[in-house]
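Structural overview
Next come the chains, spelled out residue by residue.
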Amino acid sequence: MIELKNVSKTFSTPSGSVEAVRGVSLRIQAGEIFGIIGLSGAGKSTLVQCMNLLQRPDAGSVIVGGCDLTAVSPRELREKRRGIGMIFQHFNLMASRTVLQNVMFPLRGSGMTRQQQRTRAFELLQLVGLPDKADAYPSQLSGGQKQRVAIARALAPNPRVLLCDEATSALDPQTTRSILQLLRDLGRRLGLTIVVITHEMAVVKEICGRVAVMQSGRIVEQGDVYAVFSHPREDITRELVGAAVHLRQIDELVHAGSAAVTPGPGQLLLRLTYSADNVSEALISTASRRFGVDLSIVFGSIELVQGAPVGGLVILAGGERARLEQAVRFLISKNVGVEVVLDGKSFAKAGA
Ligand SMILES: Nc1ncnc2c1ncn2[C@@H]1O[C@H](COP(=O)(O)OP(=O)(O)OP(=O)(O)O)[C@@H](O)[C@H]1O
Ligand SMILES: [Mg+2]
């Protein structure tokens, strides 16, 4: 549905040029929800604006629905753009117009009569769950309601693609979930291809099937959301995933010397990382029983990503050293990632 080939965009500013997007190639399939994640300044907004040519790339091509947008006439481009809706973090509604008028706005010049436009806009407000707000003004709505209006407006010309640039970043977690749920439902019902730009892995986890990670203008990693969550390859991806799967918090506790995570003599502080293929087995109790070691859970974080678990546990493991090593080898043989965070043996030595 969307294909970017070697797209680059550089801005000239008084303080020099900024390469916002550098040679990005990407394919997004019809009907999928595709996430693009990265830190502030990574180039996400610039990239997504290249998808409808709000920003014209300096190099490369942008093919949407089989049409190379960089090669068409301005008139044809205007026509093609009607097939690509967009929503933003700050909703961009017109304050002086009612909700219904905002949704009708993109239908001007579409050949519909005023009455047909009203009917269509009203149907769209029903679709996003706000039929009773038709005559309200944007200032009378909550953030979540404003975003629903913006979604209705974006869908008015019946687009096949919806670009969402940080569409939930200004909303609280509960409203975020309801907007994401709405996007997912609309995507399914209307057969939309949805591109979700975000800096939050939680958003990606909630609705995307595939994700690309962007850093300094480049796509550094991409794949199925589950694969990227369970086996992140790049440091930046690990950082972003870590914020959603809280297992890295243990590093802060270790760093702060917290008693809760300090192994006694002979104990090990282990971080176990799970993925889909092993959590269903009772590995901890099996390891404990089979090797006669004490395994106590200090901290855990397991998230469901696309219905499968990702995450793990931090445990204090105590017992005879040879048996502990056997237990660790057993866990590794079951595809559990095992990392020794702290070893009480070295502590005991250091103390001695
Ligand atoms: N119109 C512009 N003129 C000059 N520089 C720009 C322009 N738009 C973006 N940039 C620069 O391009 C880089 C990428 O910006 P972009 O807005 O695409 O990042 P982003 O990933 O969307 O960040 P955020 O998460 O903060 O929205 C930044 O260094 C930014 O300052
Ligand atoms: Mg942005």
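Residues numbered from 1 in each chain as written. Chains lettered and ligands numbered in written order. Predicted model: local features only at pLDDT ≥ 70, side-chain atom pairs only at ≥ 80, totals over all residues.

1. Some remarks on the overall build of the protein chain
Secondary structure assignment for the protein chain yields 13 helices and 14 strands. Taking all 352 residues of the protein chain together, the buried fraction comes to 39%. (Helix = DSSP H or I, 4+ residues; strand = E, 2+ residues; numbered from the N terminus. Buried ≥ 20, exposed ≤ 12 C-beta atoms within 10 Å, placed from the backbone.)

2. A closer look at helix α11 (residues 283-291)
What α11 keeps buried is the set Leu283, Ala287 and Phe291. The buried residues of α11 occupy an angular sector of 35° when the element is viewed end-on, so they sit on one face. Set apart from the buried face of α11 by more than 90 degrees, the exposed residues are Ser285 and Arg289. Contacts from the buried residues of α11 go to β12 (294-305) and α12 (321-333). Of the residues one or two after α11, Gly292 is the one with positive phi, at around 60°. (Arc of directions from axis to C-beta. Contact = placed C-beta atoms within 7 Å.)

3. Points about the site of ligand 1
Taken together, 13 residues form the shell around ligand 1, and within it Phe11, Ala20, Ser40, Ser45 and Thr46 come nearest. Sorting the residues of the shell around ligand 1 by element identifies β1 (2-13), β2 (16-28) and α1 (44-51) as the ones contributing at least two each. Among the elements that line the shell around ligand 1, the one with the most residues is α1, at 3 residues. Within the shell around ligand 1, the residues separate by chemical class into 4 nonpolar, 8 polar and 1 charged. (Near = placed C-beta within 6 Å. Nonpolar A, V, L, I, M, F, W, Y, C, P; charged D, E, K, R; others polar.)

4. Some words on the environment of Ile179
When you line up the elements, Ile179 lands in helix α6 (residues 173-190). Beyond its immediate sequence surroundings of up to four residues, Ile179 is in contact with Gly144, Gln147, Ala167, Thr168 and Leu171.

5. Overview of the domain arrangement of the protein chain
Structurally, the protein chain comprises domain 1 (2-244) and domain 2 (247-351). Counting residues at the interface gives 7 residues for domain 1 and 8 residues for domain 2. At the level of elements, α8 (225-230) and α9 (235-244) are the ones that each hand at least two residues to the side of domain 1 that touches domain 2. By residue number, the principal contributor to the side of domain 1 that touches domain 2 is α8, which donates 4 residues. Residues of the side of domain 1 that touches domain 2, tallied by class, amount to 4 nonpolar, 2 polar and 1 charged. (Domains from an automatic or database assignment.)

6. Quick look at α1
Counted residue by residue, α1 has 8 buried out of 8 residues, so it is predominantly covered. For α1, the set of buried residues is Lys44, Ser45, Thr46, Leu47, Val48, Gln49, Cys50 and Met51.

7. Some points on unusual backbone geometry
A positive phi is found at Leu53, a non-glycine position, where the angle reads about 60°. Along the chain, Leu53 falls in the loop between α1 and β4 (59-64). In this structure Leu53 comes out as partly exposed when scored by C-beta crowding, with 17 C-beta atoms within 10 Å. Phi is positive for Asn158, close to 65°, though the residue is something other than glycine. Considering the arrangement of structural elements, one finds Asn158 in the loop between α5 (143-155) and β7 (161-165).

8. What about the nonpolar core?
Of all hydrophobic cores here, the largest spans 72 residues; its most connected members are Val103, Cys164, Val195 and Val196. Looking at this core element by element, the count peaks at 6 residues for α5. Counting residues in hydrophobic clusters, the runner-up holds 22 residues, among them Leu272, Ala287, Leu295 and Val328. (Core = buried A, V, L, I, M, F, W, Y, C linked by C-beta atoms within 7 Å.)

9. Here's the deal with the packing of α11 against α12
Two elements in contact, α11 and α12, have axes whose closest approach is 10 Å; the angle formed by their N-to-C orientations is 145°. As for how α11 packs across α12, the hand of that crossing is right-handed. Listed contacts from α12 to Leu283, Ala287, Arg290 and Phe291 of α11 are Arg323, Gln326, Ala327, Phe330 and Leu331. Counted by class, the contact of α11 with α12 contains 6 nonpolar, 1 polar and 2 charged residues. (Axes fitted to C-alpha atoms, helices over the stretch in contact; angles between N-to-C directions. Left-handed = near helix turned anticlockwise from the far one by under 90°.)

10. Considering the confidence of the model for the protein chain
The share of residues in the protein chain with pLDDT of 70 or more is 95%, and the mean pLDDT across the chain is 91. Within the model, pLDDT remains below 50 along residues 348-352, and this stretch shows 2 contacts once partners closer than five positions in the same chain are excluded. (pLDDT = per-residue confidence, 0-100.)

11. Structural notes on the sheet that holds strand β5 (residues 67-68)
Read across the sheet, 4 strands follow the order β2-β1-β4-β5 without closing on themselves; strand pairing throughout is antiparallel. Edge positions in the open sheet fall to β2 and β5, since each of these has one partner strand only. In terms of strand pairing, β1 meets β2 through 9 bridges, oriented antiparallel. From the neighbouring strand, Glu3 faces β2, where its bridge partner is Arg27. Against the sheet, α1 touches β1, β2 and β4, its axis set at about 60° to β2. (Pairing = 2+ DSSP bridges.)

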